[in-house]
Amino acid sequence: LAKTTQPISMDSYEGQEVNITCSHNNIATNDYITWYQQFPSQGPRFIIQGYKTKVTNEVASLFIPADRKSSTLSLPRVSLSDTAVYYCLVEDGRTNAGKSTFGDGTTLTVKP
Amino acid sequence: GAVVSQHPSWVICKSGTSVKIECRSLDFQATTMFWYRQFPKQSLMLMATSNEGSKATYEQGVEKDKFLINHASLTLSTLTVTSAHPEDSSFYICSARRQSNQPQHFGDGTRLSIL
């Protein structure tokens, strides 16, 4: 399964747009990309998922270039409550392939 | 929505006790459930993957006889930590997934403290 690399930490200010990039150079044809958010002492929460190009939902956008070797999570106008750890996960989309491996995640700190 | 309920949220028990943690998908059927372990300030570590009606697949280094996983239905998986010891103290998190090309949905975790 593709190993992911993210920045360890990022700082931002309220109201700014934040972009977190994840590298997954060994991504396979059947793999798709999912981003999760985790607050302390809670389970991760699903943010967005994509396979290629751009995906947008009510909370974020996900940009995936044509070679799919990286992906960028974009959070528009962050607030203090967006301070959390963000994980990029590459998962095998084949039936019952199952396995997923979390990387180290990016700790985002939003300042007032 | 996709809600996963995990119980208990925290448990404190004596060394040598067995502890069972339940993971339920409340509003969807999960073909696959995952169990993770997380230490403070660290990422999630996958312990095992279970498909309904099949034996769980354990990650390397995870003792099958220590961490018993039962996935008896499409909405319930249980993790039993047998004869728990202080080194088993950790944050255990489950997740459930409808299909292989869909995201995981996580429970809120169980804080296990063994005295």
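Computed from a predicted model, the values in this text were never measured in an experiment.

With that out of the way, let us pick up the pairing of strand β3 (residues 19–25) of chain B. Residues and elements named next belong to chain B. Burial along β3 is one-sided: the face carrying V19, I21, C23 and S25 is buried and the face carrying K20, E22 and R24 is not. Where strand β1 (residues 4–7) meets β3, four bridges bridge the pair, whose relative direction is antiparallel. Residue pairing for β3: Q6 is matched across the bridge by C23.

All names here are of chain A. The four strands are arranged β2-β7-β6-β5 in an open sheet whose pairing can be described as antiparallel. Edge positions in the sheet fall to β2 (18–23) and β5 (53–56), since each of these pairs with one other strand and no more. Put simply, the sheet's adjacent strands are angled 15 degrees from each other on average, direction ignored. Pairing between β5 and strand β6 (residues 61–64): four bridges, direction antiparallel. Across the sheet, residue T56 finds its bridge partner in β6, namely S61.

Attention now goes to the pairing of strand β4 (residues 32–38) of chain B. Residue and element names in this part refer to chain B. The buried fraction of β4 is high, at seven of seven residues. Burial along β4 is two-sided: the residues T32, F34, Y36 and Q38 and M33, W35 and R37 are all buried. In the sheet, β4 pairs with strand β5 (residues 44–51) via seven bridges, with the strands oriented antiparallel. Looking at the pairing, F34 lines up with T49 of β5. Here β4 folds back onto β5, and the loop between the two strands holds five residues, one of which, K41, carries a positive phi near 65 degrees. Bridge count for β4 against strand β9 (residues 90–97) is seven bridges, and the pairing is antiparallel. In the strand pairing of β9, W35 is matched with C94.

With that settled, consider the interface of chain B and chain A. Counting residues at the interface gives 24 residues for chain B, matched by 24 residues for chain A. Counting the surface lost from both chain B and chain A, the interface buries some 1,700 Å², and carbon and sulfur atoms represent 46% of this. At the surface where chain B touches chain A, the tally comes to one salt bridge. R97 of chain B serves as the salt-bridge partner of E91 of chain A, at 3.7 Å between the closest nitrogen and oxygen. At the boundary of chain B with chain A, the tally comes to seven residue pairs in polar contact (both at pLDDT 80 or more). Contributing elements (two or more residues each) for the side of chain B that touches chain A: β4, β5, β9 and β10 (105–106) of chain B. Counted by class, the side of chain B that touches chain A contains eight nonpolar, 12 polar and four charged residues.

Calculation rules
- Residues numbered from 1 in each chain as written.
- Chains lettered and ligands numbered in written order.
- Predicted model: local features only at pLDDT ≥ 70, side-chain atom pairs only at ≥ 80, totals over all residues.
- Heavy atoms only, no water.
- Buried < 20%, exposed > 50% of the residue type's maximum accessible area, 1.4 Å probe, protein only.
- Helix = DSSP H or I, 4+ residues; strand = E, 2+ residues; numbered from the N terminus.
- Pairing = 2+ DSSP bridges.
- Axes fitted to C-alpha atoms, helices over the stretch in contact; angles between N-to-C directions.
- Contact = heavy atoms within 4.5 Å.
- Buried area = accessible area lost by both parts, 1.4 Å probe.
- Salt bridge = Lys/Arg side-chain N within 4 Å of Asp/Glu carboxyl O.
- Polar contact = N/O pair within 3.5 Å; in protein donor to acceptor, adjacent residues only side chain to side chain.
- Nonpolar A, V, L, I, M, F, W, Y, C, P; charged D, E, K, R; others polar.

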